[in-house]
Amino acid sequence: AGRAGLTSSQSPSLSAGLAPPAAPLRGSSSSSAMQANGAGGGQQQPPPQGPAGPELGCLGAQNGGPRRSAAGEQLAHANAASPGGLSVNNGVPAAGGPGSAAAELGGGGGSALKKKKRLSQSDEDVIRLIGQHLHGLGLNQTVDLLMQESGCRLEHPSATKFRNHVMEGEWDKAENDLNELKPLVHSPHAIVLGIIRMKFLLLQQKYLEYLEDGKVLEALQVLRCELTPLKYNTERIHVLSGYLMCSHAEDLRAKAEWEGKGTASRSKLLDKLQTYLPPSVMLPPRRLQNLLRQAVELQRDRCLYHNTKLDNSLDSVSLLIDHVCSRKQFPCYTQQILTEHCNEVWFCKFSNDGTKLATGSKDTTVIIWQVDPDTHQLKLLKTLEGHAYGVSYIAWSPDDNYLVACGPDDCSELWLWNVQTGELRTKMSQSHEDSLTSVAWNPDGKRFVTGGQRGQFYQCDLDGNLLDSWEGVRVQCLWCLSDGKTVLASDTHQRIRGYNFEDLTDRNIVQEDHPIMSFTISKNGRLALLNVATQGVHLWDLQDRVLVRKYQGVTQGFYTIHSCFGGHNEDFIASGSEDHKVYIWHKRSELPIAELTGHTRTVNCVSWNPQIPSMMASASDDGTVRIWGPAPFIDNQDIEGKITSIYI
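Residues numbered from 1 in each chain as written. Predicted model: local features only at pLDDT ≥ 70, side-chain atom pairs only at ≥ 80, totals over all residues. Heavy atoms only, no water.

(A) Region of the structure containing the overall build of the chain. Helix and strand counts for the chain come out as 15 helices and 29 strands. Every one of the 648 residues in the chain was classed for burial, and the buried ones make up 48%. Excluding contacts between residues fewer than 6 apart, the proportion of contacts in the chain whose partners are at least 24 apart in sequence is 52%. Carbon and sulfur atoms make up 51% of the accessible area of the chain, which totals about 30,900 Å². (Helix = DSSP H or I, 4+ residues; strand = E, 2+ residues; numbered from the N terminus. Buried < 20%, exposed > 50% of the residue type's maximum accessible area, 1.4 Å probe, protein only. Contact = heavy atoms within 4.5 Å. Areas by Shrake-Rupley, 256 points an atom, 1.4 Å probe, with all protein chains shown as cover.)

Okay, structure coming up:
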């Protein structure tokens, strides 16, 4: 393709009737070297006819070789002589290069010479990036031609020499090359420190290669007489000295976490060395790929509806188009309406493995639903009965084998169910005066905490035995952190405090100005999502203890509404609302990206499937549970339960 492009750019001037010069075309050197790259596969091209026939014949016959110009032979020979290292032009176009040929052939019959357009800095940067990428693909001759025709330089000649010496394991020469590179580092401090670090890395590789080859005396000489006098990173030198005791090469590679002598370890070494040199001298490794990857990630980050697993490989995306996710791929459409409850549905929660959904209702039952992994349809699996006050909160154990169900404010009991058998394992009640309205599992799955607004705060085992208690804490909502020690509890003082049951200490973490009706914590334990009475949904950073964002749109009075994180990487937030809608926000945006309609009364709870990012459930006082998913295959605008408004 490269050859074809060059030939076509020359042919208009040639076919315009230019008199053929007596000497061969100087530009034929580029064409010759391009064909040496393999374009055209060695097929014999017939010499064209017409006024410029002899010249085109010279160009076309280069595959066969007898009519190849002297310049072409010289360049092809230079390309063939540098298969391994970077072969670069020194920044000055060759006298017989393509630029001079184009200038001679362009214009009115070649009488007026056109000055070659000076490249901008950004153009030169792009050419260098392309050249580096092509070199990584092994297209060294193409790189040579690109640099020659553009007049650019891929890297400084001293850097090229340094690179070749490193890759060939010629450590003494590579060390001498550092002296040539010193003036190219602008900062005096960076010169001293950077050169010492580079020298240390070189000597470390030299030392390890000696050890692998069994040259212990030579390795010891490097350690004592070259590495130690640098007086740099003495701790690392002590570690290196310990490698002298390795009995064989495999042991050395394992302990040093080193690939061994050869291209792999030297390439990795070169990547480290390049970081100490300015990009004008030597480009950072894989610079073009890194820039493209950053661009792809930025587009994904800015995509409001991106909800698929992130793949950092460029092979998984097309670089020819911008990244765009359609909202039709987002869980904004009603897939299923579950109507088995016969009263208000107060709570819903997917299991940790995403295979089941538990719903709790005022009708005194918990229903376990099975999620079909293929169709994503839900079917009734078990009904757990007997919760006299209704079920307002449910918590799955970490292994999904158990769940605990709690009732509303006047309920003093909680139920611990075996999900597999459907049997009640424990029915716990410490006192008829208690109010056990919230529960959270310890990460070990052997304990849970529970409490309520009458001042109870207990830690219990699976048999309901009381392990610890905290007096005087009026609990609204609970959550156990992953450290296995800290329990977060929102209370009637409009705050969230952290309680440590091991050393019996507590501390204030979040303080709001209005009652915290419920909260949930992100998987990494960093963020807290709060439903605040009359205020809506707030996002807090627990580490910095600051309010990050207030999400707009939702109607939140004094009902207990449960919101959730969701989607891949928990990039989204969803909440029910007293205006009968489900609201979805991107975590970084205060305005909702979707409002989902379909429910006819307050939406009390939403739950995003942790394993199926395109599935979400909502529970409402209208007695139904809605399962939300992507748009159906048919474009039906009248489907019940769709997006009614989008804010961008």
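From this point, things continue past the structure.
(B) Quick peek at the pattern of salt bridges. Counted according to the given criterion, the structure contains 22 salt bridges. Salt-bridge contacts for K206 lead to E226; the nearest nitrogen and oxygen are separated by 3.3 Å. With K206 in helix α10 (residues 188-212) and E226 in helix α11 (residues 216-227), this residue pair connects regions lying 20 residues apart in the sequence. With a shortest N-O distance of 3.7 Å, E413 and K427 are connected by a salt bridge. Residue E413 is found in the loop between β7 (402-406) and β8 (414-418), and its partner K427 is found in strand β9 (residues 423-428); the two are separated by 14 residues along the sequence. (Salt bridge = Lys/Arg side-chain N within 4 Å of Asp/Glu carboxyl O.)

(C) Here's a closer look at the layout of surface pockets. In this structure, the largest pocket occupies an estimated 1,200 Å³ of space. Residue lining of the largest pocket: 50 residues in total, with K349, N352, W479, I521 and K523 positioned closest to the centre. Taken together, the elements giving at least two residues each to the lining of the largest pocket come down to β2 (345-350), β6 (393-396), β10 (438-441), β14 (475-480), β18 (516-521), β19 (527-532), β22 (564-566) and β26 (603-608). (1 Å grid on protein atoms, 1.4 Å probe; cavity = no way out; pocket = protein on both sides within 12 Å on 5 of 7 lines; lining within 4 Å. Points joined across faces, edges and corners; volume = space filled by probe spheres on them.)

(D) Focus on unusual backbone geometry. Phi at D400 takes a positive value of approximately 65°, unusual for a residue other than glycine. Take D400: it is sitting in the loop between β6 and β7. Look at D400 and you get buried, because its relative accessible area is 7%. With a phi close to 80°, H580 is a non-glycine residue in the positive phi region. Here H580 lies in the loop between β23 (572-575) and β24 (582-586). The class of H580 is partly exposed, set by a relative accessible area of 32%.

(E) Geometry of the UniProt feature "repeat: WD" (unreviewed entry) in the chain. Under the present numbering, the feature "repeat: WD" (unreviewed entry) in UniProt falls on residues 338-372, 384-415 and 596-628. The straight-line gap between the two end C-alpha atoms of residues 338-372 is 15 Å; of that span, 0% is helix and 54% is strand. Helix makes up 0% of residues 596-628 and strand 48%, and the two end C-alpha atoms of the span are 9 Å apart. (UniProt positions renumbered as here; feature names shortened; annotations may be inferred.)

(F) Seen up close, the confidence of the model for the chain. Per-residue pLDDT for the chain has a mean of 80; in total, 78% of the residues score no lower than 70. Segment residues 1-114 is flagged for pLDDT under 50; beyond a separation of four residues in sequence, or across chains, it makes 150 contacts in the model. Low pLDDT (under 50) marks residues 634-648, which in the prediction has 38 contacts with non-local residues, meaning those over four places away or in another chain. (pLDDT = per-residue confidence, 0-100.)

(G) Fine view of the sheet that holds strand β21 (residues 546-551). One open sheet accounts for 4 strands, arranged β18-β19-β20-β21; its pairing is antiparallel. At either end of the open sheet lies a strand with only one pairing partner, and these are β18 and β21. Direction aside, the axes of adjacent strands within the sheet are offset by 25° on average. Strand direction decides the pairing type here: β19 and strand β20 (residues 536-541), joined by 6 bridges, are antiparallel. Bridge pairing links A528 to W540 in β20. (Pairing = 2+ DSSP bridges. Axes fitted to C-alpha atoms, helices over the stretch in contact; angles between N-to-C directions.)

(H) Region of interest: the nonpolar core. Counting residues in each nonpolar core, the largest one holds 45 residues, and the members touching the most others are L357 and L403. Setting aside residues up to four positions removed in sequence, L403 forms contacts with A358, I368, L384, I394, A395, W396, W415, L416, W417 and V419. (Core = buried A, V, L, I, M, F, W, Y, C linked by side-chain atoms within 4.5 Å.)

(I) Expanded view of the packing of aromatic side chains. For the structure on display, the rule yields 12 aromatic pairs. Their ring planes at 45° and their centres at 4.7 Å tell us that F347 and Y393 sit as a pair that is tilted. On the criterion of sequence distance, the pair formed by F347 in strand β2 and Y393 in strand β6 is long-range, its members being 46 residues apart. Here the two residues F347 and Y393 agree in accessibility, since each one is buried. On the numbers, 5.6 Å between centres and 90° between planes, the contact of W470 with F501 is edge-to-face. Taken together, the positions of W470 in the loop between β13 (466-469) and β14 and F501 in the loop between β16 (495-500) and β17 (505-511) put the pair 31 residues apart, joining distant regions of the chain. In this structure F501 comes out as buried when scored by relative accessible area, which is 7%. Taken together, the ring pairs connect F457, W470, Y499 and F501 into an aromatic cluster. (Phe/Tyr/Trp six-rings, centres within 6.5 Å; stacked < 30°, edge-to-face > 60°.)

(J) A look at the sheet that holds β7. Taken in spatial order, the 4 strands of this open sheet run β6-β7-β8-β9, and their pairing is antiparallel. Edge positions in the open sheet fall to β6 and β9, since each of these has one partner strand only. Geometrically, the sheet is characterised by an average inter-axis angle of 20° between neighbouring strands, direction not taken into account. When β6 meets β7, the two strands line up antiparallel, connected through 4 bridges.

(K) Structural detail: helix α7 (residues 140-150). Taking burial as the measure, the 11 residues of α7 include 8 buried ones, the bulk of the element. Listing the buried residues of α7 in full gives N140, Q141, V143, D144, L145, M147, Q148 and S150. Phi turns positive, to about 75°, at G151, one or two residues after α7.

(L) Examining the pairing of strand β4 (residues 366-371) more closely. When you tally the buried positions in β4, you get 5 out of 6 residues, the bulk of the element. Pairing between strand β3 (residues 356-361) and β4: 5 bridges, direction antiparallel. Across the sheet, A358 pairs through a bridge with I368, a residue of β4. Between β3 and the antiparallel strand that follows it, β4, lie 4 residues; T364 among them carries a positive phi value of about 75°. Two strands pair when backbone bridges link them, and β4 and strand β5 (residues 378-384) are joined in this way by 6 bridges, in the antiparallel orientation. Bridge pairing in β5 places I368 opposite K382. Between β4 and β5, which pair antiparallel in sequence order, lie 6 residues; one of them, H376, sits at a positive phi of approximately 60°.

(M) Expanded view of the environment of Y333. Considering the arrangement of structural elements, one finds Y333 in strand β1 (residues 333-338). For Y333 and G598, which are 265 residues apart along the polypeptide, the C-alpha to C-alpha distance reads 9.5 Å.

(N) Local environment of the packing of helix α8 (residues 157-167) against helix α9 (residues 171-181). Running from amino to carboxyl end, α8 crosses α9 at an angle of 160°, the nearest separation of the two axes being 8 Å. Comparing the axis directions of α8 and α9 gives the class roughly antiparallel. In terms of crossing hand, the pair formed by α8 and α9 is left-handed. Contact residues: S158, A159, K161, F162, H165 and V166 in α8; W171, K173, A174, D177, L178, E180 and L181 in α9. Along the lines of polarity and charge, the residues of the contact of α8 with α9 split into 7 nonpolar, 2 polar and 4 charged. (Parallel < 35°, antiparallel > 145°, perpendicular 65-115°, else oblique. Left-handed = near helix turned anticlockwise from the far one by under 90°. Nonpolar A, V, L, I, M, F, W, Y, C, P; charged D, E, K, R; others polar.)

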